[in-house]
Every structure is written in structure tokens, then in C-alpha cells.
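# Analysis of the macromolecular model
This is what each chain is made of:
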Amino acid sequence: MPKFLRIGVHQSNVSGYTSKAWCVRRVGSAVFLKWGAVEVQGAGDGRKVYWSRSPQEKTVRCGTAQRAIDYATAAIARRRNHRYEPLTGPIALRRRSTMRSTELKQALATILIVDIVGSTAKAAKLGDARWTKVMGHYYAAVRKELKSSRGKEVVTTGDGVLATFKKPAAGINCATAIQKAVRTLGLEIRVGLHAGEYTISGGEMVGLAFHIGTRVAAKARAGEVLVSSAVKELVSQPEIRFRDHGVHQLKGVPERWRLWRVEG
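Everything in this summary refers to the structure shown in the same document. Sequence order as written defines residue numbering, which begins from 1 separately in each chain. In view of the model being predicted, local features appear only for residues whose pLDDT reaches at least 70, and side-chain atom pairs are presented and counted only at 80 or more, with totals across whole chains, interfaces and linings using the full set of residues. For the side-chain quantities, the full set of heavy atoms in the structure was used; hydrogens and water were omitted.

What follows covers the overall build of the chain. Each helix and strand counted, the chain has seven helices and 15 strands in total. Relative to its 264 residues, the chain shows a buried fraction of 44%. Any two residues having at least one pair of non-hydrogen atoms within 4.5 Å are treated as being in contact. Long-range pairs, those at least 24 residues apart, make up 64% of the contacts in the chain with a sequence separation of at least 6. Accessible area for the chain stands at about 14300 Å²; split by element, carbon and sulfur atoms hold 51% of it. Only DSSP runs of H or I covering at least 4 residues are called helices, and only runs of E covering at least 2 are called strands; the numbering of each starts at the N terminus. Burial status follows relative accessibility: with a 1.4 Å probe on protein chains alone, a residue under 20% of its type maximum counts as buried, one over 50% as exposed, and anything between as partly exposed. Throughout, the Shrake-Rupley method with a 1.4 Å probe supplies accessible areas, and for residues the shown protein chains are the sole cover considered.

Given below as C-alpha cells:
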């Protein structure tokens, strides 16, 4: 089964970072895909890759073996062309103790989602080597602002970053600071923020709040920071100003949501 690990700011000889992996396998006229966030530990021959959570899976039935071969070949080529490296070792699902996995803890946070606008076209224009350097500077800038704002990075997904904050104002200030920092790299980002509860189970964060934050970010245009009403209602600082962005249906999320654009 061909496996691929996304190359980001951290290269394969660096330990202790999150990334994304894909697995592609063909059996007869069917192609089996598996993908998700992974944690990389160790370096070199001792490097180990673990699924951060149970991976997503998809079966594509192509009708004929030749179509399946063509589909798998194209899927593998896309991985190679999108800053992935072939992964020779296994991807393990980290086992947790029964006691730990049953522990549930509710938490409230402001969730920030950052995503680069037009990253695929930008990568194609710059080429792999230059784009990898740009991405290195991008993640360094994001993490610098997260540290300054006391944000907690949860996971990176391709060119996106998901982080949490204890205070919504800190998340908003961090978002605007990241915008200014990455413009010097010739990048435009979209940002979404939502405040809500999530569950910590076995050391992992799960909950609808993360999905809502992602959908809010998807509604933003280049250079925009959008927040849900849940965030706006928690902000009391007069220097943070909002403009009504209308009521939206967020894909896969119940009800309609009023969103607000951060001004200034």
C-alpha cells in the first residue's frame, strides 16, 4: 500500500510535529483510500508515525481493473505533486489505556482556523523548492503569533492551522497579527473563529465546535477574519469592532448562523 506523509515546515528529520498522511491501495476494480492527521515522533530510521485519531476511509469502485489502476496512479501522482513524501514504514494507531480513553472532560475555548487562499495555484507558480521555503516561513510566523497571544496549536492540516484560546479577544488579535505577518510572504489568508465547548477524550479534542469554526473560516474571503455570534457576544473590548456579515447556512451544521467580520 503506497503511503505518503505531507512535508511542511518540519522536514522528516525533525521529531514531534503533526502532519497529514494518505494511503492508497488497489484491489481489483476498487481503490481504497485512507487519510488523516498524524503525529511524527523520532527521526531517521527510528522515525515512527501515528494516526492522531482514527483515519477517514473511502472506497472508490471503478468498474474495471484498468480504471482502478488509472485512478490509483493519478491519486499517487497528486500526492507526489502536493508536497508529500513516500512513507515506507507503517502508520500505527496509538493505543491508549482503557482508563484514559474513558475519561471525558468538557472544555470551553475560542477556536481559530487559518487557511491560505489560493495555495495550490501559488505552489504551482513557485515550484516545490520555493514553496517549501515559503511554507516554512509561514508556519514560523503563525507559531510566533500563537505564542505571543498564548494560543495553543492543535493541528496543522496542509496549509491550515487550528488553534485554541482561552479568551476570544486573544484569538482575534492573533488572527489580525498573523494576517499582517504573512502578507510580507506574499500570502493571503482567511480566518474563522468560533467559541464553544468541546470534549477531551483520551487526550484528543473532539466536538461540533471545531466543525463550526472550520465552516466559519470557509465563508471568509481573502484577507477577512470572520467570527460567529458566540465569539462576538464574549468580546467586551471596545477597540475590537465588528461588521454584520449576514446570516449563513454552514455546511453540515444545523440551523443558520449570523457571522461578523472583524474591522480594522
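All right, on to the environment of valine 235 then. Relative to the helices and strands, valine 235 resides in the loop between helix H7 (229-232) and strand E14 (241-249). Along the backbone, valine 235 and proline 168 are 67 residues apart, and their C-alpha atoms lie at a distance of 6.5 Å. Excluding residues that lie within four positions of it along the chain, valine 235 makes contacts with Pro168, Ala169, Ile172, Ile240 and Phe242.

What follows is about the packing of helix H3 (residues 119-126) against helix H4 (residues 128-148). The geometry of H3 relative to H4 is characterised by a closest axis approach of 6 Å and an angle of 130 degrees between their N-to-C directions. Regarding the angle of H3 to H4, the classification is oblique. Along this stretch, H3 crosses H4, giving a crossing that reads as right-handed. Between H3, through Ser119, Lys122, Ala123 and Leu126, and H4, the contact on the second element is made entirely by Asp128, Arg130, Trp131 and Val134. In the contact of H3 with H4, the residues fall into four nonpolar, one polar and three charged. Helix axes are fitted to C-alpha atoms over the stretch in contact, other axes to C-alpha atoms as well, and angles between N-to-C directions run from 0 to 180 degrees. Under this scheme an angle from 65 to 115 degrees is roughly perpendicular, one under 35 degrees roughly parallel, and one over 145 degrees roughly antiparallel; angles in between are oblique. By definition, turning the near helix anticlockwise from the far helix through less than a right angle yields a left-handed crossing, and turning it clockwise yields a right-handed one. As a working rule, the residues Ala, Val, Leu, Ile, Met, Phe, Trp, Tyr, Cys and Pro are called nonpolar, Asp, Glu, Lys and Arg charged, and the rest polar, with Gly in that last group.

With a phi angle near 60 degrees, arginine 150 is a residue other than glycine that sits in the positive phi range. For arginine 150, a relative accessible area of 78% translates into the label exposed.

Right, let's get into the pairing of strand E4 (residues 48-51). For a regular strand, the rule is simple: side chains alternate between the two faces of the sheet. Across four bridges, the pairing between strand E3 (residues 30-41) and E4 is antiparallel. Within E4, the residue paired with valine 38 across the bridge is tryptophan 51. In this scheme, strands are said to pair when DSSP sees at least two bridges between them.

As a further point, take the packing of aromatic side chains. Each pair of aromatic rings taken from Phe, Tyr and Trp, with Trp reduced to its six-membered ring, is defined by centres within 6.5 Å and is described as stacked if the planes are under 30 degrees apart, edge-to-face if over 60, and tilted in the remaining cases. Applying the stated criterion to the full structure yields two aromatic pairs. Ring centres of tryptophan 22 and tryptophan 35 lie 4.9 Å apart, and the angle between their planes is 15 degrees; on these two criteria the pair is classed as stacked. Taken as a pair, tryptophan 22 in strand E2 (residues 17-27) and tryptophan 35 in strand E3 lie far apart in primary sequence, 13 residues in all. Each of the two residues, tryptophan 22 as well as tryptophan 35, counts as buried. Whether a charge sits over a ring depends on NZ of Lys or CZ of Arg being within 6 Å of the ring centre and within 35 degrees of the ring normal. The ring of tryptophan 22 is capped by arginine 79, whose NZ or CZ atom sits 4.2 Å from the centre of that ring. When the ring centre of tryptophan 260 is taken as reference, the NZ or CZ atom of lysine 232 above it lies at 4.5 Å.

What follows concerns the pattern of salt bridges. The working definition used for a salt bridge is a side-chain nitrogen of Lys or Arg within 4 Å of a carboxyl oxygen of Asp or Glu. Across all of its chains, the model carries eight salt bridges by this definition. Here arginine 183 makes a salt bridge to glutamate 188, at a shortest N to O gap of 4.0 Å. Under the relative-accessibility criterion, arginine 183 is labelled partly exposed at 42%. On the accessibility criterion, glutamate 188 (34% relative accessible area) is partly exposed. Here glutamate 224 ties to arginine 221 by a salt bridge, and the two come within 3.0 Å at their closest N and O atoms. Taking the relative accessible area as the measure of exposure, glutamate 224 reaches 7% and is therefore buried. According to the relative accessible area criterion, arginine 221 is exposed, its value standing at 52%. Each of Arg221, Glu224, Arg243, Arg261 and Glu263 takes part in salt bridges that share partners, so that together they form one network.

On to helix H1 (residues 65-81). What a helix is expected to span follows from its residue count: subtract one and scale by 1.5 Å. Across its 17 residues, H1 extends 24 Å between first and last C-alpha, which sits within 8% of the 24 Å expected from 1.5 Å per residue. Phi for arginine 83, located one or two positions after H1, is positive at around 60 degrees.

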